[in-house]
Amino acid sequence: MKVLGYSRQVSAFPGDDVDFLVSCDTEQYHADIVKLIHGDTNPEGPGLKIEPVQTGIDADFPGRVQPVVSGSHIEVPDHPKLRPGAQWTLQVMVAPTAPGGGVQGLVTKWEQSREAGHGLFIGEDGALQVWVGDGAGNVQRTSAGVPLIAGVWYLAVASQGSDGALTISQTPVVTVTNSRFSFATSWESTTATVTEPSEVRASEDLAVPVVMAGYVETTASEGSRQVIGGHFNGKLDRPRIHAVALSPGRAEGAVDNPRGNHVIAAWNFQEEITSDGIKRTRHITDVSRNRLHGRAWNGPARGMTGYNWRAKEQNFVHAPEQYGAIHFHDDDLTDAAWDVDFTLTVPDDLPSGLYAARLRADDDVDHVPFYVRARPGGEKKIVFLAPTASYMAYANDHVTLWAPLAQVFVARNPVLDQRNIVLSEHREFGLSTYDIHADGSGVAYSTRLRPILNMRPGFRHWLSPSLWQFNADLHLIDWLTELGYEFDVVTDEDLHHEGVDVLSPYQVVLTGSHPEYYSEQMLDAVHQYVDSGGRLMYLGANGFYWVINYDPEDLNVIEVRKGHGSNAWRCAPGEYHLSFTGEYGTLWRHRGRAPQRLVGVGFGAEGFDVSSYFRLAEDARDGGPASWMFDGIDADERIGDFGLVGHGAAGLELDILDATLGSPPETVIGATSEAHTDIYLEVLEELYFNVPGVSGSQSGQVRGDITYFPTPNGGGVWSASSIAYCGSLSHNNYDNNISRLTKNVLDQFLRDEPVPAGAAASDS
């Protein structure tokens, strides 16, 4: 693709500025602003609907290539005390996860372009190495000579004595709980201390920073940051720098007690841990008297088990001294850090809605979406709550080409969008929380500050028979527009930061098709809205599922720790708590807040081949408590036996009623899906043992339940219970039973009269 971009803001009021950051490899590109209405290119549907709008942006801009440099690391600004003297020692506790992956910097003050400085590295041979270079062509690299073992903690020590001799030492520090192995017959094959004479001395005037988990590849030019190379994969804990050459034995004593006048710097990564998590996520504290603090870049994982973790405590906030490690990855990314190319001031008269900056270069087009909110006091009665946190969780996923079971998962060959291929070629655009890092660990953080190629109109997701997430939600935007409903939009970010006040002006809140990732603040706000009389239409499935939260230092970054459910990956022991807040991660269900407690239904089954349809339930027949939903629909009709997502309204992921998990007693079932294939299976969290009989043709649990229940103060909740549901809204020019059912519910919720009774009231 010749042109790509992202915006610094995702949600704005009229009058606010939205910055756009663009990379383009042609001489110029054209940018204008468009309204996004429908993004499905399926020939059976209404097709793309993208309308230009009048703003201050409609012009050609000069093209320039803006690179993305991924990989996490720490930088400590240059300081005279950090420049090497006649003798020095670098030490760190290290647990490499890819020691055979090439040269990786551990603790360095090294400029690669001049081969100047000194540092502690993992070399091409997979062993620890100490490097010194004078910048005049004289370089010495001394290796420990025996390879490190992935997942094992080591004490790594590099030093240069007053006589110039270089010493490198690697010593496994293995307990019954801290490493990949608890004991071995011998550690001799990976233990070594090597000393070599040297006449090379590092340049004392090298002005580059100390870098942990990398080294300076090229120094910064005016107006740009320096490029860091040699990114490390694995954990570091308790780095120290001394002004003397310490033996490995004396360095071991400085791991937990860095004392003496020779201590130049002693960084303790646990210093930022508070009882509420790590609020200063980028700060790195030097506990020595010199206070040479550093900064973390690109979001290395914090709140991670350290070299001394004992497995008794699972929450890092309770034992911070055992969580002094940071896990670095060479493919971490939290901010592409591009320069701004143009800024839109949102016109005062631009209605609330979903818009995009359209970027065109030659035949290539990119759309950078953003949401415009209604001015306070000017809200309409309906609001679409855009699940932007879930869009971030799925941002730029690579499952199609990386997961070996992807084709089994969908029971066919995935069809790749051009943008899937671009992402595969350009790994630097970062990962989703469905990916794993290059070292096999799960991706816990995702950022919005990068081009997100699967958050675009027209994107066809490999997982579903047609669309997924952002583009699938345009099915609902299109239906509201075509049927003439006036509505506003707000985002998950708005809800997280402003709470229930974001929703309070509205009579009806509509969710997207898959609002899966929720912070505690967001969940509380939706609960408060419904409890205070709000009316919620949950138009999807597998919602309110994963626990997330936002980076307190950068609200464009989310974190999730996965485990216990249907997972793309699982956390390592002791690492299930969010670093941002300290709260227990994984599923809301495992924190006692199953989605059934909020919307009456929760995740029950999934399958990704074809979708099916719903049948009326008993509650909806013969004047039953759910019959009002189906006014104008014959009792024997197949409901949603059509659609753009797998040719049915019941598909992909399905929710079911479960009173044991919190479905309210007043809940009525309007319709239930049937005839799912055996590709559909019950979700893992519902199973205690692996047993036959859990697939679509065998298990009654493989279904979706369309439900409704009233709530206090005149509120109500209606749930569609299928991710595929909105894909059926436009069938037959919007004249179909899914469209009618949705309209019946929305119109009922918009009336200024009490909502219909639920099951308990009807029975009484």
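Residues numbered from 1 in each chain as written. Predicted model: local features only at pLDDT ≥ 70, side-chain atom pairs only at ≥ 80, totals over all residues. Heavy atoms only, no water.

(A) How the structure looks around the nonpolar core. Residues M629, W718, Y725, L741 and L746 are the most contacted members of the largest nonpolar core, which totals 60 residues. Ignoring anything within four residues of it in the chain, the contact list for M629 reads V668, G670, T707, Y708, W718, L741, N744 and V745. Ranked by size, the runner-up nonpolar core spans 55 residues in total, among them A406, L495, W546 and I723. (Core = buried A, V, L, I, M, F, W, Y, C linked by side-chain atoms within 4.5 Å. Buried < 20%, exposed > 50% of the residue type's maximum accessible area, 1.4 Å probe, protein only. Contact = heavy atoms within 4.5 Å.)

(B) Molecular detail of the sheet that holds strand β34 (residues 517–519). Ordered in space as β31-β37-β36-β34, the four strands form an open sheet in which the pairing is mixed. This sheet does not close on itself; its edge strands, each paired only once, are β31 (445–447) and β34. The mean inter-strand angle of the sheet, taken between neighbouring strand axes irrespective of direction, is 40 degrees. Both β31 and strand β37 (residues 554–560) contribute to a ladder of three bridges, which runs antiparallel. (Pairing = 2+ DSSP bridges. Helix = DSSP H or I, 4+ residues; strand = E, 2+ residues; numbered from the N terminus. Axes fitted to C-alpha atoms, helices over the stretch in contact; angles between N-to-C directions.)

(C) A look at the layout of surface pockets. Quantified by volume, the largest pocket comes out at close to 980 Å³. Looking at the largest pocket, it is lined by 36 residues, and the ones nearest its centre are V399, F409, N567, A568 and E606. Those elements that provide at least two residues to the lining of the largest pocket are α3 (399–402), α4 (406–410), β38 (601–606) and β42 (681–682). Looking at which element gives the most residues to the lining of the largest pocket, the answer is α4, with three residues. Counted by class, the lining of the largest pocket contains 23 nonpolar, five polar and eight charged residues. (1 Å grid on protein atoms, 1.4 Å probe; cavity = no way out; pocket = protein on both sides within 12 Å on 5 of 7 lines; lining within 4 Å. Points joined across faces, edges and corners; volume = space filled by probe spheres on them. Nonpolar A, V, L, I, M, F, W, Y, C, P; charged D, E, K, R; others polar.)

(D) Examining the sheet that holds strand β40 (residues 653–657) more closely. Reading across the sheet, the three strands line up as β40-β38-β42 and stay open at both edges, with antiparallel pairing between neighbours. At either margin of the open sheet sits one strand with a lone partner, and together these are β40 and β42. Pairing of β38 with β40, which is carried by five bridges, proceeds in the antiparallel orientation. Residue pairing for β40: V601 is matched across the bridge by L657.

(E) Seen up close, helix α8 (residues 520–531). The first and last C-alpha atoms of α8 sit 16 Å apart over 12 residues, in line with the 16 Å expected at 1.5 Å per residue. M522, L523, A525, V526, Y529 and V530 are the residues of α8 that are buried. Here the buried residues of α8 occupy an arc of 160 degrees about the axis, which is enough to place them on one side. Residue G533 follows α8 closely and has a positive phi angle near 105 degrees. (Expected span 1.5 Å × (residues − 1). Arc of directions from axis to C-beta.)

(F) Spotlight on the pairing of strand β10 (residues 116–122). Among the seven residues of β10, seven are classified as buried, and the element is accordingly described as predominantly covered. In this structure, strand β9 (residues 104–111) lies alongside β10, joined through seven bridges in antiparallel fashion. In the strand pairing of β10, W110 is matched with G117. Between β9 and β10, which pair antiparallel one after the other, the connecting turn spans four residues, and E115 there sits at a positive phi close to 50 degrees. Bridge count for β10 against strand β11 (residues 128–134) is seven bridges, and the pairing is antiparallel. If you follow G119 over to β11, its bridge partner there is W131. Hairpin remark: β10 followed by β11, antiparallel, with five residues in the connecting loop; positive phi at G126, about 75 degrees.

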